[in-house]
Amino acid sequence: MSKPKTISRNLNQWDQCDDPLAPLTECQKDSLSNLETIITSYYPSWNPQTNLINSDDEKVQQDSQKDALPVERYQELLQHYLSLERKYVSTYDMKYNLYLNELKSRRTECEEVCSQIEEALNDFSMLYKQYTEVSGKTTSLYEASEQLISDQKQLNATIDSITEYVRYFKEIDVITEKLDAPTLSINSEMFFNILDKIDTNINFMQNNSSYNESGVYLIRYRHCQSKAIALIQNYIFNLFSKTTESILNLKDSEGTPENADAALALFYGRFQTILSKTKPVIEQIEAKSYKRQEYDSLLLECHQHYWSQRGLVLGASIQKSLNSVREKYNGDHCSLVRHSCALLLHASIDEHRLFYEFFSKQSSGLTAYLESLCTSLYDALRPFIIHINHLETLAEICCILRIEMLDEHVQNNFEPLEGFGNICLQLLHDVQERLVFRAHLYLQSDVLNYNPSAGDLAYPEKLKMMEDIAESIREETRQTRMKKISVSSTDSSALEPVSRNHIVIDSIYQKTHMGNSPADLHGMWYPTVRRTLVCLSRLYRCVDRSVFQSLSQEAISLCVQSIENARQEIEKRASTLDAELFQIKHLLILREQIAPFQVDFTIKEYSLDFSKVKTAAFGLLEKSSRLFTLSNNALLQFLLEGAPQMKEQLIDSRKHVDAKLKFTCQRLIQHATYLLIYPVIKLLEKDKLYNANSGQEDALGSAQEVATIVADVLRIIKFKCPEIQQSMQLYLANKETEFILFKPVKNNICAAFTQLHQVLTKYYNAEDLQLIACPLPEQISVMLSSTTLTQGKSNRDAQSTLKKSQSITKQDV
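Residues numbered from 1 in each chain as written. Predicted model: local features only at pLDDT ≥ 70, side-chain atom pairs only at ≥ 80, totals over all residues. Heavy atoms only, no water.

Caption draft 1: Just the overall build of the chain, in detail. Secondary structure assignment for the chain yields 28 helices and two strands. As presented, the chain carries roughly 49,400 Å² of accessible surface, and 55% of it is formed by carbon and sulfur atoms. (Helix = DSSP H or I, 4+ residues; strand = E, 2+ residues; numbered from the N terminus. Areas by Shrake-Rupley, 256 points an atom, 1.4 Å probe, with all protein chains shown as cover.)

Structure follows, in structure tokens:
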């Protein structure tokens, strides 16, 4: 036993670091290290420490085995060596065995983990089932609790609503008791609260008609509402009636106050004293009238009662005031209309202001009340208006009603004066109707049927007389100015500039006064022209545009006809030239004066054209055999073709005046041409008469006779042409107009002499033509151009001028 122990002890001490039994050299150590490195490279999983540990364990085991089974025989040593050899030979597969063992251990662990997971899942399934059961029970418990709470709230709300609804049914007795109380004040907060409760309860009953006995209580509440409305109505009506009685009693005892302030205090101050009592109640009515028809009807009744009481207060007073105004301005229709309208205008404004002091809600009946109040104005003024014959008075009344009342007052303050404006508009229509009627009669009697006096037709005497008077006035004025200038001059050095100033002033005076014709003076116009224009100027401001267009067309047509009649009378007593110039001048005045009227003078006239009736009647007579035939009936054809047709015709007064003026100018040109070259025209007509008989050489007479005619014509042109131009200047006094009228005359004369020269060349030889000495057209043109008016006027006999002026009365001029 000692020997094995010794071996194992020796083996243990074999490789000791301190005192090894077999110490290795350095070369051996290096060889071992290399061997270790090689083994490690071939067996990466081999760990020398582990191997050492395993070797140590094996040594321990071997030692223990040796201790247990000691090697005593060789056979045991061989077995032991064989076992060791097998053991160490298997070290080559150690890493695979180790990995295999590792895998087996991991599989074992995974199997254990899977078994644990299955156990955990089983536990979780059991827990989820238990959780589901607990959660369902908890949810049902929560829902049951919520339902109980909801039921509790609904029950509480039902109790509250029942209590609230029962209040509406219980309040009827309280409200009825308060309304029947004798101490109830209408103008109090408690009464207003009762009205609000009645309205609220009525609305509740109407909205909840399915409730038990809601219809019965609705009737009871409506009865309370009717009782409250009756109390309000009696309260307001009594206040208005008592105030009216106090005003009427005071007015009857003291008479109508003369002072305006006293009348204002009486008629309006008394009503304003009850304003504090009625205003709160009326405000409640107006506030409720927007929601309930009963209060709207009550408000309308209050309006009607208020207006009836105010009518009693003001009706007789206004009528009496209008009577006093009518007595004061009797005969002065314009002042009567102006002051009467002013009276009702101020009354309307005061009534409007007083009404809206009591009431704030707009009312259409106020305009009707104010209009009825102003009807007395219409009744007072219309009898005077329908008997007025003077056009200027009617026109002035139109201006008062339209401009002063409607435009200045009603339009600027329309709401309170709407009723007053309606009455003024009715009066204006009546005045316009009367004005149109009187204007029509005036145009017929004083324009168309005007009987002119001798002074009205004294042309050109009155124009020459007025020109002489103007010339004498200018001469006197110039002499007076010269005397003042000569007296004011003190030294000779001032003479030259003074004379120059005088020359300048005199030239300016001549330019401004000498060029105007006496016919341009308003007083020198023919009376029908003046009356027509005055009538149109009055109507233009007073009547509507359509009415004025119709009247203006009639007036202008009648005026043109009266001018034509005057022209015929002047032609009988004076000359055709004066008559034509008179007509031209007054047509120019008429056209100039109607130009400022901003209206269309064109009107439509309708007439029936019976021209086809006559043709159809003759056709019916020719087709008498087919009167009763079924096909192509002559009677039916007559009815279809012979019906008169409506024709529309446009009449323009301005164009009528222009056409008449153009025709008159052409007639004047023709007359002036005949006046200057009538013998030449007669020769040309004789040439046309004998033009067919070309063999007659002395158709125009002898050359001596023709020479005499030509000489007479030249003498007539020389002396008559200035007279014609002077007449044009006397009537027209317009260089441009005179040139326009005289140029065609000049052209006609040149054309006549051109034609005469051709005719004379045809009938006479050169010697006869020389004897006749007919001027060429160029010579005639130069002769007419060189002919001028004689400067100044010939000295007339003073006595003849005085006789002429005496023959023309001042009224006629």
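Back to the text.
Caption draft 2: Highlighting the pattern of salt bridges. Evaluation of the coordinates by the stated rule reveals 30 salt bridges. Between Asp296 and Lys361 there is a salt bridge, with its nearest N and O atoms 3.2 Å apart. Taken together, the residues Asp296 in helix H10 (residues 293-328) and Lys361 in the loop between helix H11 (333-358) and helix H12 (365-373) connect sequence positions 65 residues apart. Its relative accessible area of 28% is what places Asp296 among the partly exposed residues. Take Lys361: its relative accessible area is 17%, and that puts it in the buried class. Salt-bridge contacts for Arg353 lead to Asp350; the nearest nitrogen and oxygen are separated by 2.6 Å. One end of the pair, Arg353, and the other, Asp350, are both in helix H11, three residues apart, so they sit about a helical turn from each other. A relative accessible area of 45% places Arg353 in the partly exposed class. (Salt bridge = Lys/Arg side-chain N within 4 Å of Asp/Glu carboxyl O. Buried < 20%, exposed > 50% of the residue type's maximum accessible area, 1.4 Å probe, protein only.)

Caption draft 3: Structural view of the packing of helix H19 (residues 545-573) against helix H20 (residues 576-594). Running from N to C, H19 and H20 cross one another at 160°; their axes reach a closest spacing of 8 Å. Between H19 and H20, the angle is such that the two are roughly antiparallel. Judged by the twist between their axes, the crossing of H19 over H20 is right-handed. Two secondary-structure elements touch here, H19 through Ile556, Cys559, Val560, Ile563, Glu564, Ala566, Arg567, Ile570 and Glu571 and H20 through Thr576, Asp578, Ala579, Glu580, Phe582, Gln583, His586, Leu587, Leu590 and Ile594. When grouped by side-chain class, the residues that make up the contact of H19 with H20 number eleven nonpolar, three polar and five charged. (Axes fitted to C-alpha atoms, helices over the stretch in contact; angles between N-to-C directions. Parallel < 35°, antiparallel > 145°, perpendicular 65-115°, else oblique. Left-handed = near helix turned anticlockwise from the far one by under 90°. Contact = heavy atoms within 4.5 Å. Nonpolar A, V, L, I, M, F, W, Y, C, P; charged D, E, K, R; others polar.)

Caption draft 4: Region of the structure containing the packing of aromatic side chains. With the rule as written, the count across this model stands at 23 aromatic pairs. Ring geometry for Tyr168 against Phe204: centres 4.1 Å apart, planes inclined by 15°, an arrangement best described as stacked. Highlighted residues: Tyr168 in helix H5 (residues 94-179) and Phe204 in helix H6 (residues 189-207), separated in sequence by 36 residues. Owing to a relative accessible area of 8%, Phe204 belongs among the buried residues under this scheme. Here Phe271 and Tyr306 contribute two aromatic rings whose centre-to-centre distance is 6.1 Å and whose plane-to-plane angle is 85°, an arrangement assigned as edge-to-face. Separated by 35 residues along the polypeptide, Phe271 in helix H8 (residues 260-273) and Tyr306 in helix H10 bring together distant segments of the chain. According to the relative accessible area criterion, Tyr306 is buried, its value standing at 1%. (Phe/Tyr/Trp six-rings, centres within 6.5 Å; stacked < 30°, edge-to-face > 60°.)

Caption draft 5: Region of interest: the environment of Glu283. If you trace the backbone, Glu283 turns up in helix H9 (residues 275-289). Sequence separation of Glu283 and Leu299 is 16 residues, and the distance between their C-alpha atoms is 10.0 Å.

Caption draft 6: How the structure looks around the nonpolar core. With 166 residues, the main nonpolar core has Phe420, Ile677 and Phe753 as its most contacted residues. In this structure, this core is formed jointly by two domains, domain 1 (189-447) and domain 2 (658-792), each of which donates at least three residues. (Core = buried A, V, L, I, M, F, W, Y, C linked by side-chain atoms within 4.5 Å. Domains from an automatic or database assignment.)

Caption draft 7: The confidence of the model for the chain, seen in detail. Confidence in the prediction of the chain, expressed as mean pLDDT, is 78, and 75% of residues score 70 or more. Here residues 63-68 scores under 50 on pLDDT; set against residues more than four positions off or in separate chains, the count is eight contacts. A low-confidence stretch, residues 603-607 (pLDDT under 50), is modelled with 20 contacts involving residues beyond four sequence positions or located in other chains. (pLDDT = per-residue confidence, 0-100.)

Caption draft 8: Seen up close, a nonpolar patch on the surface. A cluster of nonpolar side chains, namely Val113, Ile117, Leu121, Phe124 and Leu127, defines an oily patch on the protein surface of about 490 Å² accessible area. By secondary structure assignment, the location of Leu121 is in helix H5. The partly exposed category is assigned to Leu121, whose relative accessible area is 49%. (Patch = residues over 30% accessible without salt bridge, like charges linked within 9 Å, V, L, I, M, F, W, Y side chains within 5 Å.)

Caption draft 9: Inspection of the environment of Tyr674 at higher detail. Within the element layout of this structure, Tyr674 appears in helix H23 (residues 653-689). Judged by relative accessible area, Tyr674 falls into the partly exposed class, the value being 32%. With 75 residues separating them in the primary sequence, Tyr674 and Ile749 have C-alpha atoms 9.2 Å apart. Ignoring anything within four residues of it in the chain, the contact list for Tyr674 reads Ile681 and Glu685.

Caption draft 10: Structural detail: the state of the cysteines. Counted by the stated rule, this structure contains zero disulfides. This cysteine, Cys110, is not joined by any disulfide, and Cys114 carries the nearest cysteine sulfur, 6.4 Å off. Unpaired in this structure, Cys398 has its nearest cysteine sulfur neighbour in Cys542, at a distance of 4.4 Å. A residue is classified by how much of its surface remains accessible, and Cys398, at 0% relative accessible area, is buried. (Disulfide = S-S within 2.5 Å.)

Caption draft 11: Expanded view of the packing of H20 against helix H24 (residues 703-731). In contact at an axis separation of 10 Å, H20 and H24 are set at 30° when each is read in the N-to-C sense. Taken as axis vectors, H20 and H24 run roughly parallel relative to one another. You can see that H20 and H24 cross each other, and the crossing is right-handed. Contacts between H20 and H24 pair Leu577, Asp578, Leu581, Phe582 and Lys585 from the former with Ile724, Ser727, Met728 and Tyr731 from the latter. For the contact of H20 with H24, the class distribution of residues is six nonpolar, one polar and two charged.

Caption draft 12: Local environment of the side chain of Gln309. With respect to the helices, strands and loops of the structure, Gln309 is situated in helix H10. Owing to a relative accessible area of 10%, Gln309 belongs among the buried residues under this scheme. Dropping the residues within four chain positions of it, Gln309 is found in contact with Phe240, Ser241, Thr244 and Phe271.

Caption draft 13: Geometry of the environment of Glu778. Mapped onto the elements, Glu778 comes out in helix H27 (residues 777-786). Each C-alpha atom, one on Glu778 and one on Phe753, is 9.6 Å from the other, the two residues being 25 residues apart in sequence.

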